[in-house]
Amino acid sequence: MALRYLVPALAVAVGQAAAQCSGTTTIQNAGDASALSTCSTYSGDIAIATDTTDDIAIDGVRRITGSLTAKNVPEMVSLSGDSLSQIDDSFVLDNVEILSTLNFPSLSAVETVDWIGLPNLQELSFTTGLSKVSSLSIQNTQLSTFDGINLEEVDVMNVANNYYLNDITMPLSYVGEALSLEANGRDVNANFPNLQWAFNMTFRNCSSVSIPSLSSLNGSMGFYSNYFDSLSAPNLTVSGGGIAFVSNERLTNISMPSLRQVGGGLQIANNTQLDVIDGFPRLARIGGAIDFNGDFEDVQLPQLDDVRGAFNLQSEQNIDNACSDFRPLATGRGSVIKGPFTCEGRLRNPGGVGSSGGTRSGSGGSSASSGAANAVYISGATGVMGVVAAIFGML
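Residues take numbers from 1 onward in each chain, read along the sequence in its written order. Local features in this predicted model are restricted to residues of pLDDT 70 or higher, and side-chain atom pairs are both shown and tallied only at a pLDDT of 80 or more, whereas totals for entire chains, interfaces and linings draw on every residue. For the side-chain quantities, the full set of heavy atoms in the structure was used; hydrogens and water were omitted.

Any chance you could break down the state of the cysteines for me, citing the residues and the numbers?
Our working definition of a disulfide is a cysteine sulfur pair at a distance within 2.5 Å. Evaluated as defined, the whole model comprises two disulfides. Between the sulfur atoms of Cys21 and its disulfide partner Cys39 the distance amounts to 2.0 Å. Disulfide Cys21-Cys39: the torsion about the S-S bond is -80°, which places it as left-handed. With a gap of 18 residues between them, Cys21 in the loop between helix H1 (3–19) and strand E1 (22–27) and Cys39 in the loop between helix H2 (30–34) and strand E2 (41–48) connect regions that are remote in the sequence. Exposure is judged per residue with a 1.4 Å probe applied to protein chains only, and the accessible area is read against the type maximum: over 50% gives exposed, under 20% gives buried, and values in between give partly exposed. On the accessibility criterion, Cys21 (13% relative accessible area) is buried. Here Cys323 is linked by a disulfide to Cys343, with a sulfur-sulfur distance of 2.0 Å. The sign of the -90° torsion about the S-S bond sets the Cys323-Cys343 disulfide as left-handed. With Cys323 in helix H3 (residues 320–326) and Cys343 in strand E31 (residues 341–344), the pair connects residues that are 20 residues apart, well separated along the chain. Here the two residues Cys323 and Cys343 agree in accessibility, since each one is buried. Ordering the disulfide-forming cysteines of the protein by sequence position, one finds them joined as 1-2, 3-4. Helix and strand assignments come from DSSP, with helices taken as H or I runs of at least 4 residues and strands as E runs of at least 2, each series counted from the N terminus.

Below, the structure written as C-alpha cells:
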C-alpha cells in the first residue's frame, strides 16, 4: 500500500480505537469486557447488562472517568479488573444475587461506593485497598470483615444489615457528614483508633465501639440498642449537637472525662444496667435539654453551669440525693437550668421530657420535684410577660 493511503487508514483506525474507550458502554458478555483491554483510561460509564451470565473481567483498564455499574444482574458470579485503580464517579452493585468474587487488586480511589443486595459476597479481593472514598454505603452482603477497605477520610459512611460482619476496623480520622452503623453482626466491633473529627455518628447493634482519639464532634452522636457494657471517649471536649445513649441493655459505664460542652441535648434513656451516671465530670454547658430516664440510682454533674433547655430526671429508683443537688440550680432568674425542671424517683414508668413518669412504685422515700416556676419562667422577659414570670417565680 502506498504511504499516502496508509496514513489516512491509520488515522481512521486510531479514531475507532479512541471511540471504543469513551462514551457509555454496556457489557453483555466476557468478550465485550475483553474488548476494553486496550483502554488504559475509559472516559465514560461502564454498565453490566442485566442478562449477563459470564464472569466479567475488565482487565487492562486503569481508570474509569465515570461509573461502573451492575444493577439487577442475577447470574453474574465474578466481577474483576486486574489494573483498575480509580473510578472517578460511582461503583454501584445493586441486587447482584450470586456475585461471590469481587477482585480489584489495584483499586484505591472511588468517589462513591454503593453496594446493596449482594447476599453471596463474603470477602473482597482488594490487595491495595480502598483508601479514598467520599461516600461509602454497603448493605445486605455476607461480608465478615472490611479487609480491603482502609479509609482515612470519608464524608458519608453507611454500613447496615450485613449480618455476618463482625469487624469494622479502619484508620479513619475524619467523617465529614455522617457515619452510621446498624444491624450488622451481633458481635460486630467498630474500631476507629485514629478518628479525631466527625460531624454526625450513629451506632446501633454493636458489641463494642472504640473511638479513643475523638476530640471534636461538630454534629450529633447517638448509641442505640448496642450490646457493649462500656463506652469511653477520653479526648472528646466539645459536641456541636446532641449526644444520646438509648436502650443499651448491657451498658454499665459511660466515660467522657474531657467533655465540657454539648450544643444540643444530652439524653440517657432506658439503659437498664446503668446504675450511676457519673461519666461527665467536666461537663458545664448544655445547649438543649438534659433528659435522663431509666433505673439509675444517682446522677453526678459537678461542673454543670448552664442548661438552656429542660432538665428531666426520672428513675425507678430513689434519687432523692440527686434531686436535692440539682433543685437549687433551677431556682431564680439567674438559674443554671433555664427550662422546665423535673426530678422524680420511684416511678413505675419513667419517661422523657414532658412525660409524667406514671405511678410511683412505692410510698415513702420517693423523690419528686416539678419546677413549675421554672416551667413558666421566661428568660429576659419584659413588660406584662415579665410580670407574669415574676409572679410565678414567687409561688
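Now, about the side chain of Ser180: what can you tell me, with residues and values included?
Summarising the element assignment, Ser180 is placed in strand E13 (residues 174–182). In this analysis, two residues are considered to be in contact whenever any of their non-hydrogen atoms come within 4.5 Å of each other. Sequence-distant contacts of Ser180, that is, excluding residues within four places in its chain, are made with Met157, Asn158, Val159 and Thr202.

So what's going on with the nonpolar core? Residues and values would help.
Core analysis: the biggest nonpolar cluster contains 101 residues, and Leu79, Phe91, Leu102, Met157, Phe192 and Leu313 have the highest contact counts within it. Counting residues per element, this core draws most heavily on strand E11 (residues 149–160), which supplies five residues. Beyond its immediate stretch of four places on either side in the chain, Leu79 contacts Ile48, Ile56, Ile58, Phe91, Leu93, Leu99, Thr101, Leu102, Asn103 and Phe104. Residues belong to a common nonpolar core when they are buried Ala, Val, Leu, Ile, Met, Phe, Trp, Tyr or Cys residues joined through side-chain atoms within 4.5 Å.

A description of the sheet that holds strand E14 (residues 189–191) should follow, citing residues and the corresponding values.
To summarise the sheet geometry, strands pair through backbone hydrogen bonds and adopt either a parallel or an antiparallel arrangement. Pairing in this open sheet of three strands is parallel, and the strands run E12-E14-E16 from one edge to the other. Either end of the sheet is taken by a strand with one partner, and the two such strands are strand E12 (167–169) and strand E16 (208–210). Averaged over all adjacent pairs, the angle separating strand axes in this sheet is 5°, with direction ignored. Alignment of E14 against E16, held across three bridges, turns out to be parallel. What sits directly across from Asn189, in E16, is Ser208. Criterion used throughout: strands pair if DSSP finds at least two bridges between them. Inter-axis angles, ranging from 0 to 180 degrees, are taken between N-to-C directions of lines fitted to C-alpha atoms, where helices are fitted over the stretch in contact.

Interpretation in functional terms is not warranted from these geometric data alone.
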